[in-house]
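# Survey of secondary and tertiary structure
Letter by letter, the chains look like this.
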Amino acid sequence: MKITAARVIVCSPGRNFVTLLIETDQGVTGIGDATLNGRELSVASYLTDHVIPNLIGRDPRQSEDIWQFLYRGAYWRRGPVTMSAISAVDTALWDIKAKLAGMPLYQLLGGKSRERVLVYGHANGNTLEETVDAVGQYIAMGYKAIRAQSGIPGIAKAYGVARGTLHYEPADAALPTETVWDTPKYLRFVPKLFEKLRETYGDEPELLHDVHHRLTPNEAAQLGKSLEPYRLFWMEDATPAENQQAFRLIRERTTTPLAVGEIFNTIWDCKELIENQLIDYIRTTVLRAGGITHLRRIADFAALYQVRTGSHGATDLSPVTMGAALHFDTWVPNFGIQEYMRHSEETDAVFPHDYRFEAGHLYCGESPGHGVTIDEELAAKYPYKPAQLPIARLEDGTMWNW
Ligand SMILES: O=C(O)[C@@H](O)[C@@H](O)[C@H](O)[C@H](O)CO
Ligand SMILES: [Mg+2]
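This is a predicted model, so every value here is computed, not measured.

### Comments concerning the side chain of Glu262
In this fold, Glu262 is placed in the loop between strand E9 (258-260) and helix H9 (271-275). Within polar-contact distance, the side chain of Glu262 engages the side chain of Arg283 at 3.1 Å. Filtering out sequence-adjacent residues up to four positions away, Glu262 remains in contact with Asp210, His212, Glu236, Asp237, Arg283, Arg288 and His312.

### Quick word on unusual backbone geometry
Backbone phi values are negative for most residues with the exception of glycine, while trans is the configuration of most peptide bonds. In the Ramachandran plot, Lys157 falls in the positive-phi region, its phi being about 55 degrees despite a non-glycine side chain. The topology assignment puts Lys157 in the loop between strand E5 (145-150) and strand E6 (178-181). The exposure class of Lys157 is exposed, given its relative accessible area of 57%. Located in the positive-phi region is His212, a residue other than glycine, with phi close to 60 degrees. Here His212 lies in the loop between strand E7 (206-210) and helix H7 (217-227). Take His212: its relative accessible area is 5%, and that puts it in the buried class.

### Concerning helix H2 (residues 63-73)
The periodicity of an α-helix, 3.6 residues per turn, causes residues three or four places apart in sequence to face the same way. Of the positions making up H2, those classed as buried are Ser63, Ile66, Trp67, Leu70 and Tyr71. Taken down its axis, H2 places every buried residue within 125 degrees of arc, on the same side. In H2, the exposed positions that point more than 90 degrees away from the buried face belong to Arg72 and Gly73. Just downstream of H2 lies Tyr75, where phi reads positive at about 65 degrees.

### Observations concerning the site of ligand 1
Taken together, 16 residues form the shell around ligand 1, and within it Asn37, His212, Glu262, Arg283 and Glu339 come nearest. A distance of 2.8 Å separates an oxygen atom of ligand 1 from a polar atom in the side chain of His212. Protein chains bury 96% of the 340 Å² of accessible surface belonging to ligand 1 in isolation. A molecule is said to occupy a pocket when more than half its atoms come within 2 Å of that pocket's grid points, and by this definition ligand 1 occupies the largest pocket. Residue classes in the shell around ligand 1 are distributed as 5 nonpolar, 4 polar and 7 charged.

### Things to note about empty space enclosed by the protein
Following the criterion strictly, the structure yields 3 cavities of 30 Å³ or more and no others. Taken as a whole, the largest cavity encloses approximately 90 Å³ of empty space. At the level of secondary structure, the elements contributing two or more residues to the lining of the largest cavity comprise E5, helix H6 (183-201) and E7. Tallying contributions element by element places H6 first for the lining of the largest cavity, with 4 residues. Along the lines of polarity and charge, the residues of the lining of the largest cavity split into 9 nonpolar, 3 polar and 2 charged.

### Focus on the sheet that holds strand E2 (residues 17-24)
Taken in spatial order, the 3 strands make up an open sheet running E1-E2-E3, and their pairing is antiparallel. Two strands bound the open sheet, and with one partner strand each, they are strand E1 (3-11) and strand E3 (29-33). Averaged over all adjacent pairs, the angle separating strand axes in this sheet is 20 degrees, with direction ignored. Summarising the sheet, E1 and E2 pair through 8 bridges and their orientation is antiparallel. Opposite Val10, over in E2, you have Val18 as the bridge partner.

### So, the nonpolar core
Of all hydrophobic cores here, the largest spans 91 residues; its most connected members are Tyr186, Phe194, Leu223, Phe247 and Ile279. Broken down by element, this core gets its largest block of residues, 7 residues, from H6. Here this core gathers at least three residues from each of two domains, domain 1 (3-104) and domain 2 (109-367). In terms of nonpolar packing, the next biggest core, distinct from the first, is built from 29 residues, Met1, Val18, Leu55 and Ile66 among them.

### Examining the packing of helix H3 (residues 80-101) against helix H10 (residues 291-303)
Axes are the key here: two packed helices are described by the angle between their axes and the distance separating the axes. Contact geometry of H3 with H10 gives a least axis separation of 6 Å together with a crossing angle of 100 degrees. For the element pair H3 / H10, the angle class is roughly perpendicular. Residue-level inspection shows Ser87, Asp90, Thr91 and Trp94 of H3 in contact with H10, the latter providing Gly291, Ile292, Thr293 and Arg296. Classifying every residue of the contact of H3 with H10 gives 2 nonpolar, 4 polar and 2 charged.

### Concerning the sheet that holds E6
Here 3 strands make up an open sheet; going across it, the order is E6-E15-E16 and the pairing mixed. Because the sheet does not close on itself, it has two edges, and the strands there are E6 and strand E16 (399-400). Bridge count for strand E15 (residues 391-394) against E16 is 2 bridges, and the pairing is antiparallel. Bridge pairing links Arg393 to Met399 in E16.

Conventions adopted
- Residues numbered from 1 in each chain as written.
- Chains lettered and ligands numbered in written order.
- Predicted model: local features only at pLDDT ≥ 70, side-chain atom pairs only at ≥ 80, totals over all residues.
- Heavy atoms only, no water.
- Helix = DSSP H or I, 4+ residues; strand = E, 2+ residues; numbered from the N terminus.
- Polar contact = N/O pair within 3.5 Å; in protein donor to acceptor, adjacent residues only side chain to side chain.
- Contact = heavy atoms within 4.5 Å.
- Buried < 20%, exposed > 50% of the residue type's maximum accessible area, 1.4 Å probe, protein only.
- Arc of directions from axis to C-beta.
- Near = heavy atom within 4 Å.
- Areas by Shrake-Rupley, 256 points an atom, 1.4 Å probe, with all protein chains shown as cover.
- 1 Å grid on protein atoms, 1.4 Å probe; cavity = no way out; pocket = protein on both sides within 12 Å on 5 of 7 lines; lining within 4 Å.
- Sits in = over half its atoms within 2 Å of the grid points.
- Nonpolar A, V, L, I, M, F, W, Y, C, P; charged D, E, K, R; others polar.
- Points joined across faces, edges and corners; volume = space filled by probe spheres on them.
- Pairing = 2+ DSSP bridges.
- Axes fitted to C-alpha atoms, helices over the stretch in contact; angles between N-to-C directions.
- Core = buried A, V, L, I, M, F, W, Y, C linked by side-chain atoms within 4.5 Å.
- Domains from an automatic or database assignment.
- Parallel < 35°, antiparallel > 145°, perpendicular 65-115°, else oblique.

Purely spatial values, then, with no claim about function.
Structure below.
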């Protein structure tokens, strides 16, 4: 069996997506997501100019050898562009393999470990009161787990506050929107938000919060400690994780569960965090961390240390990633939770899929493969639109972490 052709489809149904489609001599095709928010064209070019020429003529069933060829053969290993490209190839090859076998992808991985996948939604508001209301809306929609992000008094354009409560697209301009950050105002405010949420909704809803890389380890330990009375499901990206040992300073001073990893792209980014049990959830994804092939390695390694999966699932990961992720989540033994920031209707129309939401859970479909396709004709109606993520500076102008 041979790969006969492959192409990259860049489209923008409300936001930019990069999709790889691989064709074979047996008429079976597969697709993978290669979207890197704010750097989409880098991955599109990496695939078109450097990867696809190496795929033609190869056997699509040799997903492991193709992964090793693309990883070791690049010489310049790792990084979000390279690994997003490898992820897209790998996801498309697993899609093809499952279609050849005539089974949904989760069966190929080892079958169901659960009937449904617990997900969390994104409630947000400009004020504490608006955010509390938004959490109530998500509970009314059936969500059992809700992430809460709020505007912070005294901070304009705080992270995570969207135009509407269902769709949050931070890449809102061709060049980065400048935002200002103030840690003391944030540290004073967040405990009040979660105190009000527990007061309003009791202890049952699972509540999550994304710090989004903005604190030092000591500040993160302070926040984790101040949130202990409100029993968070997790506090995410508490501090930048290039220095994995930084999490030891947090871990030793708070029992609030820690999650990290949406920007990681190989096991090397999280090996120390996992083997030292410095985190509770690993957020790596099919899209960023080497596809099914490598994400499975990360999850199996994490299972040795009782670290569970909590894959990223923001709107800048396309429905192709969500579809593949749900098959992975249905199989993976050490599953924790799946982020599910709903896509817009125009995005869902470009990427027809068979997964569905019900009572706070997602269910992957039973069709062969990962269950997501792309309507190329419709995609062509939404040309790429330059967009980059915001940046953050401190009040004195110091560059900070958005
Ligand atoms: O956990 C999350 O969902 C966030 O960290 C993301 O929305 C992140 O800001 C975006 O994916 C960046 O493109
Ligand atoms: Mg995050």
